[in-house]
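If you want the building blocks of each chain, they are given just below.
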Amino acid sequence: MNVEREGDYITLSMGPHHPATHGVLRLEVTTDGEVIRACKPDIGYLHRSIEKIGECVEWYQFVPYTDRVDYVCSMNSNHAWVCAVESLLSSSDETRLAIPERAEYIRILFAELNRISSHMVGLGSMTMDMGAFTPFLHALSQREFINDIFEKTCGARLTYNYMCVGGLVRDLHAGAEDEIRAMLKGLEKAMIDFNRLISSNNIFKARLAGVAAVSPEDAISYGLVGPNLRGSGVDFDLRRDKPYGIYERFRFDVPVGKTYAGADGRPGDCYDRYVVRLLEVLESIRICRQALDQMPPASGVEDDPVGGWCAAKAAQKALRKPPVGEVYFRCENPRGETGYHIVSDGTKFPYRVKIRTGSFTAMSIFEKLVPGLMVADLVALIGSFDIVLPEVDR
Amino acid sequence: MALSFDAIFAKVQVRFPSTSAGSAPNGARWVEVPPPDALEVATFLKTDPDLAFDSLCCLSGIDLLKYPAAEKDGPTSDDLVCAYDLHSLEHRHEVRMKVRVPRAHPETPSVESVWGVAGYFEREIFDLLGVEFQGHHDLRRILTPQDWVGHPLRKDYVYPKAYGGVELKREGQTFESGPYK
Amino acid sequence: MTISVGPVSDSIASWLSANGLPVSIAEILAVLLVCVLPVLGIVFPIAGVAQYFERKIAASMQRRKGPMVGATGIVDLVADMLLFWLPRWKRRAVARRVERLPVLGALLRQVRQWGLGSMAADGVKMFLKEDMVPGGADRFLFRGSTYLALTGAFLAFAVFPFSQWYHMGDPPVAALYLGAVTGLVAVSVLEAGWSSNNKWSYFGGIRAVAMIVSYETPIALAIATVCMWSGTMSLQGIIAAQYRPGWFSFSGWNLFQSPLLALLAGVYYIAALAECNRAPFDLSEGESELVGGFHTEYSGLRWGLFFIAEYSDMLLVGGIFATLFLGGFQSPIGEQWIVSLPPFAEAVVHTLIAVAKAVASVGFMMWIRWTLPRFRIDQVMKLAWTKLVPLALFCLFGLALTQLVAAQRVGVEQVVYGRYLSAPVVRMDFFSWVASWVVVGGAIAVVVWMAKSSAPIQSPEMRRLLGKEPA
């Protein structure tokens, strides 16, 4: 067997094909036995030049591309893009759009449902990486119910292309609200089962407690966002602190990491991030229920300001000549803050679309955080950051 | 306490007279910083207790080659711009800082020592736009392969005809149509 | 008889030589038959079927159906192939008619309902996959490691007590022999990991060796303690020591004799899981760190041999667990009357019971595997050296003390299996038994209660997540 001798270290390529890296991520890991001495991420295997494509397609045509920026939480990515464009258009009176109220509620309802399904994937994958295969399938079977609802409404199970500038592509399907309510009830029970199965398991806690603790200062400096930032103890959630859409009408708590693992844990370790995601699922269920209660009934008229689903004509007119300028709009995706920095030159094509994603900045902390961990801990770390490669590479 | 843009800019300009305020027709405003001062302004923005911009939300690169002039028939430029979107978790205010570098020698100091996340953002801008950040510990391509030629997000980017011995066009396409024009 | 492995091979050899074969050939044939039968007749089929059951158990725990090869109808397929000239509805009618046949039809219907074709599919897959040796691999070691793994498993089966009349050997130091021979698994895993010319396999092999060697100690201590309690190192002797006449023969099982033995059973079972690279200790093979760990580069039948070695190991340690703590091949009820059967019938019943207990152990191992996450290597070693070894030592000394204080040695003549015993066995009278359970069990309960009450209180968020508080 060939072993490159660099001192006594082994260089492993946790290569693009790897069951634990959740996508085509390559980590060049230099280990001293089991303990890692250096880690250099090598990304770009999934780079699809979405930002360059944004300069070639029209404003409303870019929505399916935002689906693919993070296909696990497409609704949230859609939401971020359409909110960013609507914010650009709202700077001038001719182009300001009045989104129907029902469309706003449905946007938030579906964004939160997609947050739940994205967390199911993230939590399930994390437990699977730890070796417990059963909770992964329990979580995914719950996600299937959400996918079914989305499929009935949008026609797709994963990349929905459901929101458009001005509202939604179509209204909810008939009977959607009862279905969602029933599904949420089942989901609550399933989450309790899931937690009894794995979250309080001593082996699971031992794998995650105290592993890769990120201090709040490091988290802020290295651009961790979303559950990763809150897991380190920083109480910041864009939905509450910089509300977009109609999030200020909803009451929900923001879970923050508090060394949930007890004596073995450290603040900001993998278990904290894991528990923060679990609690976020419960909070999303709350928001969904409030949205269903407060939503105005459908009026059947597309651009009815209360019960319609899209201000289509106004949006078409506005997108032909949007204001010149730029906007940076931030939304709270399941993976953290998704920011769209869009520069408009007044034409129907965007001039520059920059997508800032939570997973990309989460990768930036790897070189600092990983040395000293064991190889098995690295797997736990990647799972706890919930890194999704399409977001990293765009 | 959240400060308005004017208050923030006033504090910055007092310390660094070379900065100026820029604005766009849609109401966006930013602090324009010349490249040599970028690192000091960034450090000041982060460490000053009233500003406390501890979070670099987004660092995007913009190529101004095809951007329309500010006034009708006014001058256009071909500079490259680095736009830093900053946010303060303590005071909950935001500001945008822009650094314009000329296309001929696109160098600007790296702010990696101020915000750690800038390491990756700057590598991305170097890869896709060609701006060189001085003082970066490991400035190399991040999204494209290490032997890629050219900076894809530039407006005058020429698509390569082949890479790694493979021709990059589809069936029935010629090198004179589509993106190769 | 010069070549013999016990009374069964003796009787077969004498029957063969009585019917005309030369004596030495008869003896050799008899020995081969007796030795090959457990391997081919019991271990291989169970290993083959175990994969199907593992997948079905996993599927039922994960609320899905699992492998359903054959669910689209093997009969339909065969009818389509054989009767290709008939129209489709006629072929289907023939298929339905075949499925209504008495025995064959019932079997085929079960194949359709349970997807039993996956057993065949797994076997065919193993044979048909390309058998390759990676470039740069050490060819001799790469091939040899599979054979070594199988050797380790089957060498241990040589002393496995299927019945007092049917076994392949009963050395007086069988327990010692077992501990020695199961260590071959470690060598084979290391060999596989090293010879694959693959850094990830190397990692898997190294981890496996560290783990298996560490867990040899609790296993050896557990086996030594049971030997001390039973007064003999022979496996047949250990089983004989657990014999009780009457209806409730399970009262003799070592598991129920003393809470320390129950603790020791737990220690042995956990260490046995680690020996098999199984369940929470599968960090050398199934880690999401790499697809297969030490057996990544093995495909086709070579991998199949590793897989059979693993399941045989599981069966073996399950069987040894049953031998040491669950009375081995003895039935839980009414062993006295099974012993009074003619030897052949007794051997059959005993073998079935021994295999059933081993299979139940294997099923429990599968249940554990699909429930628990896996350990990290340093946690595995910590568990072995700082928790299991002290616990096993504590049990050893506790049981020695119990023997001195509470128990008496009972003479050989009170036990039916007399011919296999070389030393008297330990018995406790009823009051001593109750006292040992009360005193020792109470002490253990107090320790556990103290540990639990000093554990930190669950945070309100965890209580909310676990459903103990309303959301």
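Residues numbered from 1 in each chain as written. Chains lettered and ligands numbered in written order. Predicted model: local features only at pLDDT ≥ 70, side-chain atom pairs only at ≥ 80, totals over all residues. Heavy atoms only, no water.

A. Just the overall build of chain B, in detail. Per the secondary structure count, chain B includes three helices and nine strands. Walking chain B from its N terminus toward its C terminus, one meets helices and strands in the order α-β-β-α-β-β-β-β-α-β-β-β. Seen along its three principal axes, the alpha-carbon backbone of chain B occupies a region of about 60 × 40 × 25 Å. Per-residue burial for chain B yields a buried fraction of 52% across its 181 residues. (Helix = DSSP H or I, 4+ residues; strand = E, 2+ residues; numbered from the N terminus. Buried < 20%, exposed > 50% of the residue type's maximum accessible area, 1.4 Å probe, protein only.)

B. Focus on the overall build of chain C. When helices and strands are tallied, chain C shows 18 helices and two strands. For 471 residues, the compact-globule estimate of 2.2 N^0.38 gives 23 Å, and chain C sits close to it at 25 Å. Along the first, second and third principal axes, the C-alpha set of chain C runs to 85 × 75 × 50 Å. Partitioning the intrachain contacts of chain C with sequence separation of at least 6 by distance along the chain shows that 76% fall at a separation of at least 24. About 21200 Å² of surface is accessible on chain C, with carbon and sulfur atoms providing 74% of the total. Taken as two groups, the 36 positive and 28 negative side-chain charges of chain C have centres that lie 11 Å from each other. (Rg over C-alpha atoms; globule rule 2.2 N^0.38 Å. Contact = heavy atoms within 4.5 Å. Areas by Shrake-Rupley, 256 points an atom, 1.4 Å probe, with all protein chains shown as cover. Lys, Arg positive; Asp, Glu negative; His and termini not counted. Charge placed at Lys NZ, Arg CZ, Asp CG, Glu CD.)

C. Main features of the packing of helix α11 (residues 270-294) of chain A against helix α15 (residues 375-385) of chain A. Residue and element names in this part refer to chain A. Following both chains from N to C, one finds α11 and α15 inclined at 30°, their axes separated by 9 Å at the closest point. By the angle between their directions, the pair α11 and α15 is classed as roughly parallel. For the crossing formed where α11 meets α15, the hand is left-handed. Residues Cys270, Arg273 and Arg277 of α11 form the contact with α15, whose participating residues are Ala380, Leu381, Ser384 and Phe385. Here the residues of the contact of α11 with α15 are counted per class, giving four nonpolar, one polar and two charged. (Axes fitted to C-alpha atoms, helices over the stretch in contact; angles between N-to-C directions. Parallel < 35°, antiparallel > 145°, perpendicular 65-115°, else oblique. Left-handed = near helix turned anticlockwise from the far one by under 90°. Nonpolar A, V, L, I, M, F, W, Y, C, P; charged D, E, K, R; others polar.)

D. Up close: the sheet that holds strand β8 (residues 350-356) of chain A. Residue and element names in this part refer to chain A. Reading across from one edge, β6-β7-β8 is the order of the three strands in this open sheet, with antiparallel pairing throughout. Looking along the sheet, the strands with just one partner apiece sit at the ends: β6 (324-333) and β8. Taking the axes of each pair of neighbouring strands and ignoring which way they run, one obtains an average angle of 15° across the sheet. When β6 meets strand β7 (residues 336-345), the two strands line up antiparallel, connected through ten bridges. Residue pairing for β7: Glu326 is matched across the bridge by Val343. (Pairing = 2+ DSSP bridges.)

E. Looking closely at the interface of chain A and chain B. In this assembly, 43 residues from chain A lie in contact with 47 residues from chain B. In this assembly, chain A packs against chain B so that about 3600 Å² is buried in total across both faces, 56% of it on carbon and sulfur atoms. Of all residues in chain A, Lys52, Glu326 and Tyr351 of chain A give up the largest surface area on contact with chain B, accounting jointly for 19% of the area buried on that side. Linking chain A with chain B are seven salt bridges. (Buried area = accessible area lost by both parts, 1.4 Å probe. Salt bridge = Lys/Arg side-chain N within 4 Å of Asp/Glu carboxyl O.)

F. Fine view of the state of the cysteines. Within the structure shown, the criterion is met by zero disulfides over all chains. In this structure Cys154 of chain A is not part of a disulfide, and its nearest cysteine sulfur, from Cys164 of chain A, lies 12 Å away. Summary of cysteine pairing: Cys276 of chain C is not part of a disulfide, and the nearest cysteine sulfur, belonging to Cys227 of chain C, is at 19 Å. With a relative accessible area of 3%, Cys276 of chain C lands in the buried category. (Disulfide = S-S within 2.5 Å.)

G. Fine view of the pairing of strand β3 (residues 35-42) of chain A. Here strand β2 (residues 26-32) of chain A runs beside β3 of chain A; their pairing, made up of seven bridges, is antiparallel. Note that in β3 of chain A the partner of Thr30 of chain A across the bridge is Ala38 of chain A.

H. Structural detail: a nonpolar patch on the surface. Judged by side-chain polarity, Leu21, Ile25, Ile28, Leu29, Leu32, Val36 and Leu40 of chain C come together as a nonpolar surface patch covering roughly 580 Å² of accessible area. By the secondary structure assignment, Leu32 of chain C is in helix α2 (residues 23-61). (Patch = residues over 30% accessible without salt bridge, like charges linked within 9 Å, V, L, I, M, F, W, Y side chains within 5 Å.)

I. Summary view of the packing of aromatic side chains. All told, the structure shown has 51 aromatic pairs over all chains when counted by the stated rule. Ring geometry for Tyr52 of chain C and Phe53 of chain C: centres 5.4 Å apart, planes at 75°, overall edge-to-face. When its relative accessible area of 43% is taken as the criterion, Phe53 of chain C is described as partly exposed. Three or more aromatic residues link up through ring pairs in this structure, and these residues are Tyr105, Tyr244, Tyr247, Phe250, Phe252 and Phe329 of chain A. Here the guanidinium or amino end of Lys98 of chain B rests over the ring plane of Trp30 of chain B, the centre of that ring lying 3.7 Å away. (Phe/Tyr/Trp six-rings, centres within 6.5 Å; stacked < 30°, edge-to-face > 60°. Lys NZ or Arg CZ within 6 Å of the ring centre and 35° of its normal.)

J. Structural detail: the interface of chain A and chain C. With 51 residues of chain A at the contact, the number on the chain C side is 37 residues. For the chain A and chain C pair, buried surface summed over both sides reaches about 4100 Å², with 62% attributable to carbon and sulfur atoms. Run the count over chain A and chain C and you get five salt bridges. Across the salt bridge formed by Arg63 of chain C and Asp193 of chain A, the nearest N and O atoms sit 4.0 Å from each other. Counting across the chain A and chain C interface gives eleven residue pairs in polar contact (both at pLDDT 80 or more). Ranked by residue count, the leading element in the side of chain A that touches chain C is helix α6 (residues 176-199) of chain A, at nine residues. For the side of chain A that touches chain C, a count of residues per class yields 28 nonpolar, 13 polar and ten charged. (Polar contact = N/O pair within 3.5 Å; in protein donor to acceptor, adjacent residues only side chain to side chain.)

K. Fine view of the environment of Val380 of chain C. Residue and element names in this part refer to chain C. Tracing the backbone shows Val380 in helix α16 (residues 377-406). For the pair Val380 and Ala210, spaced 170 residues apart in sequence, the C-alpha to C-alpha distance is 9.4 Å. Once residues within four sequence positions are removed from consideration, Val380 is found in contact with Met211, Tyr215, Phe281, Leu283 and Phe375.

L. Representation of unusual backbone geometry in the model. All names here are of chain A. Phi angles above zero are rare outside glycine, and Thr259 is one such case at about 55°. Among the structural elements, Thr259 can be located in the loop between α10 (238-241) and α11. For Thr259, a relative accessible area of 25% corresponds to the partly exposed category. Phi is positive for Arg394, close to 45°, though the residue is something other than glycine.

M. Expanded view of the pairing of strand β5 (residues 94-101) of chain B. All names here are of chain B. Counted residue by residue, β5 has six buried out of eight residues, so it is predominantly covered. Summarising the sheet, strand β2 (residues 29-33) and β5 pair through three bridges and their orientation is parallel. Its bridge partner being in β5, Glu32 is matched across the sheet by Lys98. With eight bridges connecting them, strand β4 (residues 80-87) and β5 associate as antiparallel partners. If you follow Cys82 over to β5, its bridge partner there is Val99. The loop that links β4 with its antiparallel partner β5 comprises six residues; one of these, Arg92, has a positive phi angle of about 60°.

N. Molecular detail of helix α13 (residues 300-325) of chain C. All names here are of chain C. With 26 residues, α13 extends 37 Å between its outermost C-alpha atoms, agreeing within 8% with the 38 Å of an ideal straight helix rising 1.5 Å per residue. Burial analysis of α13 places 24 of its 26 residues in the buried class, which makes it a mostly covered element. Gly327, located one to two residues past α13, shows a positive phi value of around 80°. (Expected span 1.5 Å × (residues − 1).)

O. Molecular detail of the packing of α2 of chain C against helix α15 (residues 343-369) of chain C. Residue and element names in this part refer to chain C. Viewed as axis vectors pointing N to C, α2 and α15 meet at an angle of 35°, and their least axial separation amounts to 10 Å. Relative to α15, the crossing made by α2 is right-handed. Touching Ile42, Ile46, Ala50, Phe53, Glu54, Ile57 and Met61 of α2 are Thr351, Val355, Val359, Met366, Trp367 and Arg369, all from α15. A per-class count over the contact of α2 with α15 returns ten nonpolar, one polar and two charged.

P. Examining the pattern of salt bridges more closely. All names here are of chain A. By the definition in use, this model includes 67 salt bridges over all chains. A salt bridge links Glu337 to Arg330, with the nearest nitrogen and oxygen atoms 3.0 Å apart. Arg330 carries the same exposure label as Glu337, and that label is buried. Measuring nitrogen to oxygen at the nearest pair gives 3.3 Å for the salt bridge that ties Arg335 to Asp386. Here Asp386 lies in the loop between α15 and α16 (389-393) and Arg335 lies in the loop between β6 and β7, a separation of 51 residues in the sequence. Neither residue differs from the other here; Arg335 and Asp386 are each classed as buried. Connected via shared salt-bridge partners are Glu112, Arg115, Arg230, Asp237, Arg239, Glu280 and Glu332.

Q. The confidence of the model for chain C, seen in detail. Residue and element names in this part refer to chain C. Within chain C, residue pLDDT values average 84, and 93% of them lie at 70 or more. Across chain C, the secondary-structure element scoring lowest on mean pLDDT is strand β1 (residues 408-410), at 62, and the one scoring highest is helix α12 (residues 259-275), at 92. Scored below 50 in pLDDT, residues 418-422 shows twelve contacts in the model against residues more than four places distant or in partner chains. Both scores are given for the predicted complex: the pTM is 0.90, the ipTM 0.90. (pLDDT = per-residue confidence, 0-100.)

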